[in-house]
Amino acid sequence: MALGKGEGRVQCAGVLLAALLLAPSALFGATQVTPPRLDRPPRVLILYPYDERIAATTSAGEALRRRLLEATGGKIDLFSEFLDLSRFPEAGHVTRLGRYMAEKYAVRRPDVVVALGKESASFISTNREIIAPDAKIVAAGFGNSTSENIDLPDDVIGAFTTFDILKTAEMARGLQPGARHLYIIGGSSEFDRGWLATARSDLYEFSKSYETTYLENLTIEQFIEKAAHVPADSIILALTVFKDQAGRNFIPREAIEKIAATASAPVYGPYQTYIDHGVVGGNTVTFDTLGETVGNLVLDAIAGKQVNDLQAPQTYIVDARQLRRWGLAEKNLPAGTILLYREKGLWEGHWLAVTGAFGVVLMQAGIIAALLLERRRRLEAESRSRLHLLEAVHLNQSATAGALSSSVAHELNQPLSAIRNNAEAASVLLHSDSPDLKLIQQILLDIQADDQRAGDIIGRMRGLLKKRSEIDWQEFDLNDVTSNAVSIIHGEAERRGITLKTKRPTTELPVRADKVHVQQVVLNLATNAMDAMTEAGSDSRILTLATGVVKEKAELCVVDTGNGIPQERLANIFEPFYTTKQAGTGLGLSIARAIVETYGGTISAYNRPEGGAIFRVALPLARTQEEGR
Ligand code: ADP
């Protein structure tokens with residue numbers, strides 16, 4: 001890996017940036033140049049040896065820039081030059097580049113030049129007189145053995161790096177104490193071969209404990225193939241592959257990535273750039289540390305301070321995902337190892353979120369439990385109140401039936417006496433000499449019709465007396481229920497000298513409810529109206545039951561010609577236990593309201609200006625009138 005001034009084989013040293021060791025002080029601690037006091041921001045020129053794609057140099061350069069900008073609060077002029085010497089190593093290009101930069105920086109001569117990588121160091125050593133004659137040169141990012149072979153001027157300050165494969169190997173041994181085989185991978189470029197030679201010497205003692213194989217002089221395909229078939233108890237150390245045996249050029253981390261992807265044992269390497277490319281890790285200097293170290297050197301140089309050797313701390317750096325991939329134990333890592341891509345445990349990584357989520361879940365569970373309990377209570381309460389309503393309705397029905405019983409008996413009397421009279425007449429006819437059979441047949445038809453009437457009356461009463469434990473939902477015509485109620489009360493009305501009038505539309509009034517309940521409401525209102533008129537003793541006693549559609553609701557109005565409701569009672573006439581009757585319960589209207597509201601309707605009471613009261617019941621229409629047609 002000897003590299004003389006102006007030598008062309010330069011493409012590989014940048015990877016060494018990540019393994020930093022300070023050079024012997026003899027190399028760069030000698031002469032210090034004290035800069036003149038500056039009345040302008042200091043100028044620092046950073047030389048990158050390659051183009052902007054080589055992460056090792058650009059990452060170190062970025063870390064350096066960050067350090068300088070942060071330390072000077074941005075009061076610094078930073079210049080960057082990407083020398084691209086791996087692709088243009090020719091001497092002619094280097095000379096032209098020197099001349100170009102000499103002219104470019106003629107108006108702004110740098111105070112400090114940072115040469116990243118040995119190629120940049122060689123370049124600036126050769127061209128410093130024309131580019132930056134008074135500048136301090138800080139060389140960084142290559143090994144001391146390399147620097148020994150570059151003819152650097154004495155006043156060049158250095159932060160040299162060296163490659164220490166032994167430390168990486170020892171880390172691998174710690175992680176794989178049972179390993180029996182050792183493989184070392186190196187490419188075919190001059191630089192790769194230099195690394196292999198260094199590794200051979202550095203690992204001489206170490207490799208005695210293993211069956212050791214150097215994988216060299218191979219094509220990339222052969223590297224991949226061999227690494228894929230090493231025994232499982234192997235340690236693979238990857239140096240650099242800038243070039244393979246077939247002469248193909250690689251960015252080392254990309255070549256190593258291909259090899260590590262299918263390797264049958266863990267691969268280690270001493271560069272930060274290898275992390276995230278399938279390598280477990282190794283001993284190195286991070287770009288941040290390198291940038292920090294070089295930055296401090298530059299700052300001291302700008303300040304005119306005595307610049308001494310700086311120790312950039314070396315670090316073990318490991319990819320936690322690769323530890324998992326190979327089942328290697330974290331506890332076997334050297335103390336202070338930087339573990340990248342470590343997945344924190346759920347609690348460790350997200351304790352706040354976990355606590356929050358747990359709290360939210362707990363709170364939700366509480367709310368849900370409370371809601372369920374509340375719902376259960378509500379359902380129980382609803383079911384209890386429905387049962388109460390049904391019981392109250394039944395009691396009320398029985399009372400109505402009781403109140404109407406005499407009129408019903410009276411009503412039944414008519415068909416029954418007609419049947420008796422007709423039967424007697426038929427009997428007389430049959431005993432005559434020549435019975436008129438046609439007449440007898442007519443009499444029998446009349447008997448049948450009267451029997452039907454009596455049956456209907458009893459049927460209606462039975463409906464009133466039937467006890468319900470559940471609401472019997474059904475759709476029916478409000479007109480029919482009203483007519484039915486009229487049939488029940490008309491005898492009673494007649495008995496009391498009340499004229500019964502009905503007004504009904506030609507269309508149906510479909511509602512959804514329990515038919516018997518709604519009939520109960522009509523009967524309650526009608527009997528109350530009849531009572532009111534009887535009590536008032538008025539001459540003109542008219543009870544009108546009118547049905548129709550008002551504001552898209554089916555409506556029933558029960559209108560009487562009594563004395564009306566006392567004004568002070570009007571607002572709370574539906575409250576229970578108000579009665580003006582001797583045998584009254586004061587429950588009829590409150591039950592009527594409970595029934596109507598159960599089916600989504602409303603009930604209201606008014607006094608007519610001309611005397612008497614109006615009770616209005618409105619129920620939702622089950623279908624629109626258009627649908628009903
Ligand atoms: P009850 O019929 O057992 O008294 P209700 O709740 O049916 O119970 O009626 C309560 C009271 O409301 C009646 O006692 C009566 O004073 C009054 N009332 C009900 N309907 C009318 C009406 N059409 N005209 C005048 N007062 C009425």
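Values in this document were obtained by computation on a predicted structure and should not be read as measured data.

## Topic: the overall build of the protein
Per the secondary structure count, the protein includes 18 helices and 19 strands. Within the protein, buried positions represent 47% of all 629 residues. Taking as baseline every contact in the protein between residues at least 6 positions apart, the subset at least 24 positions apart corresponds to 75%. Summed over all atoms, the accessible surface of the protein reaches about 30,700 Å², with 53% contributed by carbon and sulfur.

## A few points about the sheet that holds strand β10 (residues 281-284)
Strands sit in the order β10-β11-β12 across an open sheet of three strands; the sheet is mixed. Across the chains shown, the open sheet's two edge strands, defined by having one partner strand only, are β10 and β12 (338-340). Pairwise comparison of adjacent strand axes, ignoring direction, gives a mean angle of 20° for this sheet. With four bridges connecting them, β10 and strand β11 (residues 315-319) associate as antiparallel partners. Its bridge partner being in β11, Gly 282 is matched across the sheet by Ile 317. Packing of helix α6 (residues 165-175) onto the sheet brings it into contact with β10 and β11, and relative to β10 it is tilted by some 145°.

## Regarding the packing of helix α15 (residues 515-536) against helix α17 (residues 588-598)
Two packed helices can be described by the angle between their axes and the distance between those axes. Packing of α15 against α17 brings their axes to within 9 Å, and their N-to-C directions diverge by 150°. Crossing handedness for the pair α15 and α17: left-handed. Of the residues in α17, those in contact with His 517, Val 518, Gln 520, Val 521, Asn 524, Leu 525 and Asn 528 of α15 are Gly 588, Leu 589, Ala 592, Ile 595 and Val 596. For the contact of α15 with α17, a count of residues per class yields seven nonpolar, five polar and no charged.

## Focus: the pairing of strand β2 (residues 77-82)
As paired strands, strand β1 (residues 43-48) and β2 are joined by six bridges and run parallel to one another. Counted as the bridge partner of Arg 43 is Asp 77 from β2.

## Some details on α6
Taken as a whole, α6 has its buried residues at Ile 165, Thr 168, Ala 169, Met 171, Ala 172 and Leu 175. Axial view of α6: buried residues confined to an arc of 155°, hence all on one face.

## A look at the pattern of salt bridges
What the rule picks out here adds up to 19 salt bridges. Between Asp 450 and Arg 453 there is a salt bridge, with the nearest N and O atoms lying 3.7 Å from each other. One end of the pair, Asp 450, and the other, Arg 453, are both in helix α13 (residues 437-465), three residues apart, so they sit about a helical turn from each other. Classification of Asp 450 as buried rests on a relative accessible area of 10%. By relative accessible area, Arg 453 is classed as partly exposed at 39%. Here Asp 531 makes a salt bridge to Arg 496, at a shortest N to O gap of 3.0 Å. Residue Asp 531 is found in helix α15, and its partner Arg 496 is found in the loop between α14 (478-495) and β14 (499-503); the two are separated by 35 residues along the sequence. In this structure, a network of salt bridges that share partners links the residues Glu 492, Arg 495, Arg 496, Asp 531 and Lys 581.

## Considering the environment of Asp 276
Relative to the assigned elements, Asp 276 resides in the loop between β9 (267-268) and β10. Residue classification places Asp 276 among the partly exposed residues on the basis of a relative accessible area of 38%. Along the backbone, Asp 276 and Tyr 341 are 65 residues apart, and their C-alpha atoms lie at a distance of 8.9 Å. If we ignore the near neighbours within four places in the chain, the residues touching Asp 276 are Glu 257, Asp 319, Arg 321 and Tyr 341. Side chain to side chain, Asp 276 and Arg 321 meet in a polar contact 2.6 Å long. Within polar-contact distance, the side chain of Asp 276 engages the side chain of Tyr 341 at 3.3 Å.

## As for the site of the ligand
The full set close to the ligand counts 19 residues, and Asn 528, Thr 579, Thr 580, Lys 581 and Leu 589 are the nearest of them. A distance of 2.7 Å separates an oxygen atom of the ligand from a polar atom in the side chain of Lys 581. Between an oxygen atom of the ligand and a main-chain N or O atom of Gly 588, the distance comes to 3.3 Å. In isolation the ligand exposes 540 Å². Once the protein is present, 92% of that is buried. A molecule is said to occupy a pocket when more than half its atoms come within 2 Å of that pocket's grid points, and by this definition the ligand occupies the largest pocket. Secondary structure elements with two or more residues in the shell around the ligand: α15, α17 and β19 (613-620). Considering only residue class, the shell around the ligand consists of nine nonpolar, eight polar and two charged.

## Concerning the environment of Ile 317
Summarising the element assignment, Ile 317 is placed in strand β11. In this structure the C-alpha to C-alpha distance between Ile 317 and Pro 270, which are 47 residues apart in sequence, comes to 8.8 Å. Contacts of Ile 317, omitting those with residues within four sequence positions, involve Gln 272, Ile 275, Val 280, Gly 281, Gly 282, Thr 284, Thr 286, Thr 337, Ile 338 and Leu 340.

## A look at the side chain of His 181
Turning to its location among the elements, His 181 is positioned in strand β6 (residues 181-185). Apart from the residues within four sequence positions on either side, His 181 is in contact with Tyr 210, Glu 211, Pro 231, Asp 233, Ser 234 and Ile 235.

## What to know about the layout of surface pockets
Unoccupied space between atoms shows up once a probe the size of one water molecule is rolled over them. The volume enclosed by the largest pocket comes to roughly 1,000 Å³. Forming the boundary of the largest pocket are 39 residues, of which Asn 528, Asp 531, Thr 579, Lys 581 and Gly 584 lie nearest the centre. Elements with a minimum of two residues in the lining of the largest pocket: α12 (346-431), α15, α17 and β19. Per element, the largest residue contribution to the lining of the largest pocket is eight residues, and it comes from α15. Considering only residue class, the lining of the largest pocket consists of 18 nonpolar, 14 polar and seven charged.

## Regarding the packing of aromatic side chains
All told, the structure shown has nine aromatic pairs when counted by the stated rule. Both rings, one in Phe 191 and one in Trp 195, keep their centres 5.5 Å apart while their planes meet at 80°; by these two values the pair is edge-to-face. Taken together, the residues span about one helical turn, with Phe 191 and Trp 195 both in helix α7 (residues 190-202) at a distance of four residues. Accessibility classification places Phe 191 together with Trp 195 in one group, the buried group. Ring centres 5.9 Å apart and planes at 85° place the aromatic pair Phe 191 and Phe 242 in the edge-to-face group.

Criteria and cut-off values
- Numbers given for residues are sequential positions, taken from 1 along each chain in its written order.
- Totals for whole chains, interfaces and linings use all residues, but because this is a predicted model, local features are given only for residues with pLDDT of at least 70 and pairs of side-chain atoms are given and counted only at 80 or more.
- Remark: hydrogens and water are excluded; side-chain values derive from all non-hydrogen atoms of the structure.
- Only DSSP runs of H or I covering at least 4 residues are called helices, and only runs of E covering at least 2 are called strands; the numbering of each starts at the N terminus.
- Residue exposure (1.4 Å probe, protein chains only): buried if accessible area is under 20% of the type maximum, exposed if over 50%, otherwise partly exposed.
- A contact between two residues is defined here by any heavy atoms of the two lying within 4.5 Å.
- Working definition of accessibility: Shrake-Rupley area with a 1.4 Å probe, residue cover restricted to the visible protein chains.
- Here, strands pair whenever DSSP counts at least two bridges between them.
- Working convention: axes come from line fits to C-alpha atoms, limited for helices to the stretch in contact. Angles between N-to-C directions cover 0 to 180 degrees.
- By definition, any crossing whose near helix is turned counterclockwise from its far helix by less than a right angle is left-handed, and any crossing with a clockwise turn is right-handed.
- Residues are grouped as follows: nonpolar covers Ala, Val, Leu, Ile, Met, Phe, Trp, Tyr, Cys and Pro; charged covers Asp, Glu, Lys and Arg; every other residue, Gly included, is treated as polar.
- Here, the arc refers to the directions that run from the helix axis to the C-beta atoms.
- When a carboxyl oxygen of Asp or Glu lies within 4 Å of a side-chain nitrogen of Lys or Arg, that pair is called a salt bridge.
- The definition of a polar contact used here is a pair of N or O atoms within 3.5 Å, where within protein one atom must be able to donate a hydrogen and the other to accept one, and adjacent residues in sequence count solely through side-chain atom pairs.
- A cutoff of 4 Å decides nearness: a residue is near a molecule or strand if any of its heavy atoms lies inside that distance of it.
- The definitions used throughout rest on a 1 Å grid laid over the protein atoms alone, on which a cavity is an enclosed set of points accommodating a 1.4 Å probe that cannot get out and a pocket is an open set flanked by protein within 12 Å on both sides along at least five of seven lines; lining residues are those having an atom within 4 Å of a point.
- For a cavity or pocket, the test is whether more than half of a molecule's atoms lie within 2 Å of its grid points; if they do, the molecule sits there.
- Grid points are joined across faces, edges and corners, and a volume is the space filled by probe spheres set on the points.
- Note on ring pairs: Phe, Tyr and Trp rings are taken, using the six-membered ring of Trp, and paired if centres are within 6.5 Å. Classes follow the plane angle, with under 30 degrees stacked, over 60 edge-to-face and the rest tilted.

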